[in-house]
Amino acid sequence: MTYETLLVERRDHVAYVTLNRPAALNALSTNLRQDLKQFFTTIQAAQDVRLIVVTGAGRAFCAGADIKEWTEPASIVEDREARGRLDFREAMRRCPQPIIAAINGYALGGGCELAMGCDLRLASDRAQLGLTEVTLGIIPGGGGTQWLPRLIGRGKALELILTGRRIEAQEALRLGLVEQVVPHEHLMQAVEELAQTITSRAPLAVKYAKEAIVRGLDNTSGVALVEVFDLDP
Ligand code: CAA
């Protein structure tokens, strides 16, 4: 299957998916969100794929929602329903395979949420991460309010979300937001090594270990998928 905004390659039981809108720093346009939803929906049923790697083309992992697409919604309800139809994160959540984010540059707003929706995060030493939504008058409605405190604790999560501050890769490592920081030019090599180690282990043990951890820790994160507005109709 080919996608307009994604590059997909399968190698040694690993699916590599690259967000491919480098000129827009891989911002999450409608097409990209649609493609991601399709990709994660398809790949979760692929028995021969045991691990997924997500990265970005060019100098960004993902700069978040495509701000240039933003228009006044006709109504909050219509806006929310339209966003729900495009929600790739639910499809991501259903993937039995471990997902590694190879954070090659900016991971901001929805891009940081995309990284947090992955199971493991390896970052280039050039990466910058942040939930910058409040600087635009919105909240991190794509899972960030639940994932960030689970990863780095309530106080630090509140500090970062309420200020919208961007942090460098090394600070993200200290906080536990990423598992490793590697020199930029070695990022994909480090990711491939980790992917190879995991895929060399017993496939069912890997799958059920992930399931046990995710179900145990994350059984309420669905409440965070509220997108920008969460008002009753
Ligand atoms: N949406 C659309 N286009 C974007 C974009 C975005 N989020 N981020 C960057 N771009 C575009 C820029 O408009 C620019 O395009 P042109 O060359 O056509 O002008 C191109 O990508 C390069 O960007 P910059 O020139 O700004 O590059 P820079 O190196 O000077 O700055 C940056 C990089 C700090 C990431 C800056 O682009 C930036 O702050 N972007 C916005 C990041 C952001 O706040 N994201 C969160 C959005 S809210 C959200 O994500 C919530 C949600 O899911 C609903």
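Fair warning: this is a prediction, and the values are worked out from it, not measured in the lab.

Chemist: Is there a simple way to explain the sheet that holds strand 9 (residues 167-168) in this structure?
Modeler: Consider a sheet: its strands pair through backbone hydrogen bonds, and that pairing is either parallel or antiparallel. Read from one edge of the open sheet, four strands run 4-6-8-9, paired in mixed fashion. Of all strands in the sheet, those with a lone pairing partner are strand 4 (60-62) and strand 9, marking the two edges. As judged from the three bridges shared by strand 6 (residues 106-108) and strand 8 (residues 128-130), these two strands associate in the parallel manner. Bridge pairing in strand 8 links leucine 108 to glycine 130.

Chemist: Sorry, what's going on with the sheet that holds strand 3 (residues 51-56) here?
Modeler: On the basis of which strands lie adjacent, the open sheet formed by six strands has the order 1-2-3-5-7-10 and mixed pairing. On the outer flanks of this sheet lie strand 1 (6-11) and strand 10 (180-182), each paired with one strand and no other. Recorded for the sheet is a direction-independent mean angle of 20° between the axes of neighbouring strands. Note that strand 2 (residues 14-19) and strand 3 share six bridges and pair parallel. If you follow tyrosine 16 over to strand 3, its bridge partner there is valine 53. The sheet strands contacting helix 1 (residues 30-43) are strand 1, strand 2, strand 3 and strand 5 (99-103), and the helix crosses strand 1 at an angle near 20°.

Chemist: What am I meant to see in the layout of surface pockets here?
Modeler: A water-sized probe rolled over the atoms picks out the places where empty space is left. As a volume, the largest pocket reaches approximately 610 Å³. Surrounding the largest pocket, 23 residues form its lining, Cys118, Asp119, Ile213, Val214 and Leu217 being those nearest its centre. Counting only elements with at least two residues in the lining of the largest pocket, the list comes to helix 3 (88-93), helix 4 (110-117), strand 7 (120-124), helix 5 (144-152) and helix 9 (203-217). Of the residues forming the lining of the largest pocket, the biggest block, six residues, is contributed by helix 9.

Chemist: Just checking my understanding: could you explain the packing of helix 4 against helix 5 for this structure?
Modeler: Look at helix 4 against helix 5: their axes get within 10 Å of each other, and the N-to-C directions meet at 55°. Accordingly, the angle class assigned to the pair helix 4 and helix 5 is oblique. By crossing handedness, the relation of helix 4 to helix 5 is classed as left-handed. In this structure, helix 4 contributes Glu113, Met116 and Gly117 to the contact, and helix 5 contributes Gly144, Trp147, Leu148 and Leu151.

Parameters and conventions
Residues numbered from 1 in each chain as written. Predicted model: local features only at pLDDT ≥ 70, side-chain atom pairs only at ≥ 80, totals over all residues. Heavy atoms only, no water. Pairing = 2+ DSSP bridges. Helix = DSSP H or I, 4+ residues; strand = E, 2+ residues; numbered from the N terminus. Axes fitted to C-alpha atoms, helices over the stretch in contact; angles between N-to-C directions. Contact = heavy atoms within 4.5 Å. 1 Å grid on protein atoms, 1.4 Å probe; cavity = no way out; pocket = protein on both sides within 12 Å on 5 of 7 lines; lining within 4 Å. Points joined across faces, edges and corners; volume = space filled by probe spheres on them. Parallel < 35°, antiparallel > 145°, perpendicular 65-115°, else oblique. Left-handed = near helix turned anticlockwise from the far one by under 90°.

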